[in-house]
Amino acid sequence: MTVSSDDLRLWMRRWASGVTLVTAHDRQGPHGMTVSSFTSLSLDPPLIMVSLEVGSRTHKMVREGGRFAVVMLQADQQELAERFAGVVPDSEPRFAGVAFTRSPGGAPIPDERLAYLDCRVVDTHPAGTHTVFIGQVTGGEAAEDGAPLLYFNRAYRRLADDG
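Now for a quick tour of the structure. (Residues numbered from 1 in each chain as written. Predicted model: local features only at pLDDT ≥ 70, side-chain atom pairs only at ≥ 80, totals over all residues. Heavy atoms only, no water.)

Considerations on the sheet that holds strand 10 (residues 130-142)
Consider a sheet: its strands pair through backbone hydrogen bonds, and that pairing is either parallel or antiparallel. Strands sit in the order 3-2-6-9-10-5-4 across an open sheet of 7 strands; the sheet is antiparallel. The open sheet is flanked by strand 3 (29-35) and strand 4 (38-43), the only strands paired with a single partner. Each strand of the sheet is rotated relative to its neighbour by a mean of 35°, with strand direction disregarded. Both strand 4 and strand 5 (residues 46-53) contribute to a ladder of 5 bridges, which runs antiparallel. Its bridge partner lying in strand 5, T39 is registered against M49. Each of strand 2 (20-26), strand 3, strand 5, strand 6 (67-72), strand 9 (115-127) and strand 10 is contacted by helix 2 (residues 57-65), which is oriented at about 115° to strand 3, the strand it contacts most. Where helix 3 (residues 78-87) meets the sheet, its contacts fall on strand 2 and strand 3, and the angle it forms with strand 3 comes to roughly 105°. (Pairing = 2+ DSSP bridges. Helix = DSSP H or I, 4+ residues; strand = E, 2+ residues; numbered from the N terminus. Axes fitted to C-alpha atoms, helices over the stretch in contact; angles between N-to-C directions. Contact = heavy atoms within 4.5 Å.)

Some thoughts on the nonpolar core
Among soluble globular proteins, nonpolar side chains are generally buried collectively. One finds V22, I48, V50, L52, V62 and F68 to be the most contacted residues of the largest nonpolar core, which totals 16 residues. Within the residue set of this core, elements represented by two or more residues are strand 2, strand 3, strand 5, helix 2, strand 6, strand 9 and strand 10. Excluding residues that lie within four positions of it along the chain, I48 makes contacts with F38, T39, S40, L41, F68, V70, L117, C119, F133, I134, G135 and V137. Counting 14 residues, the second largest nonpolar core, distinct from the first, contains L21, A81, A107 and I109. (Core = buried A, V, L, I, M, F, W, Y, C linked by side-chain atoms within 4.5 Å. Buried < 20%, exposed > 50% of the residue type's maximum accessible area, 1.4 Å probe, protein only.)

With respect to the environment of V71
By the element assignment, V71 lies in strand 6. Looking at V71, the relative accessible area reads 0%, which means it is buried. Taking C-alpha positions, V71 is 17 Å from V132, a pair spaced 61 residues apart along the chain. In contact with V71, other than residues within four places in its own chain, are V19, T20, L21, T23, I109, P110, R113, A115 and Y116.

Section: the packing of aromatic side chains
One pass over the structure, following the stated rule, counts 3 aromatic pairs. With 5.0 Å between their ring centres and 70° between their planes, Y151 and Y156 make a pair best called edge-to-face. Ring pairs connect the aromatic residues F84, F95 and F100, which therefore count as one cluster. (Phe/Tyr/Trp six-rings, centres within 6.5 Å; stacked < 30°, edge-to-face > 60°.)

Some thoughts on the pattern of salt bridges
In the structure shown here, the tally under the stated rule is 5 salt bridges. R9 is the salt-bridge partner of D6, the closest N and O atoms lying 2.9 Å from each other. Taken as a pair, D6 and R9 lie in helix 1 (residues 5-12) at a separation of 3 residues, close to a single helical turn. Between R67 and D118 there is a salt bridge, with the nearest N and O atoms lying 3.3 Å from each other. In this pair, R67 sits in strand 6 while D118 sits in strand 9, placing the two residues 51 residues apart along the sequence. A relative accessible area of 25% places R67 in the partly exposed class. Using a relative accessible area of 2% as the deciding quantity, one classes D118 as buried. (Salt bridge = Lys/Arg side-chain N within 4 Å of Asp/Glu carboxyl O.)

Below is the structure:
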């Protein structure tokens, strides 16, 4: 059986994932993109991975700068997810009008968030149209409470309240 990119896209729509931003900073300023290809890899040492599309501005920033942050979005941050997914083009300042601070590693972190991880690139692996970046987590922070923004079947979702 030959699997096409359309086949994989259709099948992967059935996978629910949390919504994150991968952010970085360079001479042109802060930038980032919405990413669902993110997972933890190891607790000791603390490692995570993100997959970024080759040719994107964020990919270039992470590759050249060696630092990035993963920002986990809250259930009410769909507009921010869409902004960083392309409503604001890759060539435009996606952080314009977004209140943010910097992580200890220098990555821009939106003031409103569920959590963030500050990371240093320790390895990369080419993977088709993307590069897998392995990041060592050097710091982070989580909100006391809140629910995640989810993505499933081409739509943003929220967890149902079990009461």
